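Each chain is listed here by its residues.
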Amino acid sequence: MSGLPELLRSLRVWDPAVTELPPLDPAEAPGDPLELFTRWFAEAVAAGEREPHTVSLATADAEGLPDARVVMLHGADADGWAFATHAGSRKGRQLAARPHAALVFYWPVLGRQVRLRGPVAVAPAEQARADLHARSTGALAAALTGRQSAELGSTGELARASEAAWERAGREPDAPVPSWTLYRLRPDEVEFFQGEARRRHVRLSYRRAGDDGWDRRLLWP
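Given the structure is predicted, the values throughout are model-derived calculations rather than measurements. All residue numbers refer to position in the chain's written sequence, counted from 1. Where totals are concerned, whole chains, interfaces and linings use all residues; where local detail is concerned, this predicted model gives features only for residues with pLDDT of at least 70, and gives and counts side-chain atom pairs only at 80 or more. Hydrogens and waters are ignored; side-chain quantities use all the structure's heavy atoms.

Trainee: Mind showing me how you'd approach the overall build of the protein chain here?
Mentor: Counting secondary structure elements, the protein chain contains six helices and 10 strands. The principal-axis extent of the C-alpha atoms belonging to the protein chain is close to 55 × 55 × 40 Å. Throughout this description, buried means an accessible area under 20% of the type-specific maximum (1.4 Å probe, protein chains only), exposed means over 50%, and partly exposed covers the range between. Relative to its 221 residues, the protein chain shows a buried fraction of 38%. Only heavy atoms matter for contacts: two residues are in contact if any of them lie within 4.5 Å across the pair. Considering only contacts in the protein chain between residues 6 or more positions apart, those separated by 24 or more positions represent 64%. Only the protein chains shown count as cover for residues, and the accessible areas themselves come from Shrake-Rupley with a 1.4 Å probe. Of the roughly 13100 Å² that the protein chain leaves accessible, carbon and sulfur atoms contribute 54%. Starting at the N terminus, helices and strands are each numbered in turn, a helix being any DSSP run of H or I of at least four residues and a strand any DSSP run of E of at least two.

Here's what the structure looks like:
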């Protein structure tokens, strides 16, 4: 069996057989990053990117130590980029202590990343309920299982709690989950990264200027 160093050296980024690296002309980019994000998201879906709505979420704990995990995007609009979790989960507690975060989308089929940083706000409870109940039975069952990030005694304990949650989700599709919380990251900065075959990658950064405007600048790759 090959060791990790050999495996790493054998890998290539953006294999031209499966990856397209479209150009990004900063002069033609829209003035609002949400418009460009929406365009890029649609292009990732059209290009066959698997699970393009998954995104890395980075937070910090009360001591300032970083943490990261992959979550799902629940929407993006003028109020921010939305994701959800239990308020008592590790990321929920971290956001309560330090309500700032970063998001990173990576769509390798197009050699693209989108990075966002900014403050995070809790959406109204009725929006969190509507968001949860618009999702699948499995999503509701997972939310009803609860206890996210708490210590688990055994896999059997989880199986029993999950079975009960699935049964309730099927019987009661509007079951309340008070701890389920919808968060919105309202970015101060959004960066679009477009890979280029000769490593002349394009990094276009939008930085918030006032309440409604954005400044754009290019960054060295």
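Trainee: Quick question: what am I supposed to make of the nonpolar core here?
Mentor: As a rule of thumb, nonpolar side chains are buried together in soluble globular proteins. As used here, the term nonpolar core means buried Ala, Val, Leu, Ile, Met, Phe, Trp, Tyr and Cys residues forming a set that is joined through side-chain atoms within 4.5 Å. Membership of the largest hydrophobic core comes to 29 residues, with the highest contact counts inside it found for F37, W81, F105, V114, L116, F192 and Y206. Elements that contribute at least two residues to this core include exactly α2 (33–46), β1 (54–60), β4 (80–86), β5 (100–107), β6 (112–122), β7 (180–185), β8 (189–194) and β9 (202–209). By residue number, the principal contributor to this core is α2, which donates five residues. When neighbours within four sequence positions are excluded, F192 is seen to be in contact with L24, P33, L36, F37, W40, Q113, V114, V202, R203, L204 and Y206. In this structure, A82, A175, V177 and L182 belong to the second largest nonpolar core, which totals 15 residues.

Trainee: Could you clarify how one ought to interpret the packing of aromatic side chains in this entry?
Mentor: To describe a pair of aromatic rings, one takes the distance between the centres and the angle between the planes. Think of it this way: a Phe, Tyr or Trp ring, Trp meaning its six-membered ring, pairs with another when their centres are within 6.5 Å, and the plane angle makes it stacked under 30 degrees, edge-to-face over 60, tilted otherwise. Counted by the stated rule, this structure contains 10 aromatic pairs. Look at F37 and W81: their rings are 5.5 Å apart centre to centre, the planes differ by 80°, and that puts the pair in the edge-to-face class. Residue F37 is found in helix α2, and its partner W81 is found in strand β4; the two are separated by 44 residues along the sequence. Following the ring pairs from residue to residue traces out a cluster consisting of F37, F41, W81, F105 and W107.

Trainee: Sorry if this is basic, but what is going on with unusual backbone geometry here?
Mentor: A negative phi holds for most residues other than glycine; trans holds for most peptide bonds. With phi around 60°, W14 is a residue other than glycine that occupies positive phi space. Tracing the backbone through its elements, the reader meets W14 in the loop between α1 (4–10) and α2. One non-glycine residue, R199, lies in positive phi territory at about 65°. Here R199 is to be found in the loop between β8 and β9. On the basis of relative accessible area, R199 is assigned to the partly exposed category, the value being 49%.

Keep in mind these numbers describe shape, not what the thing actually does.
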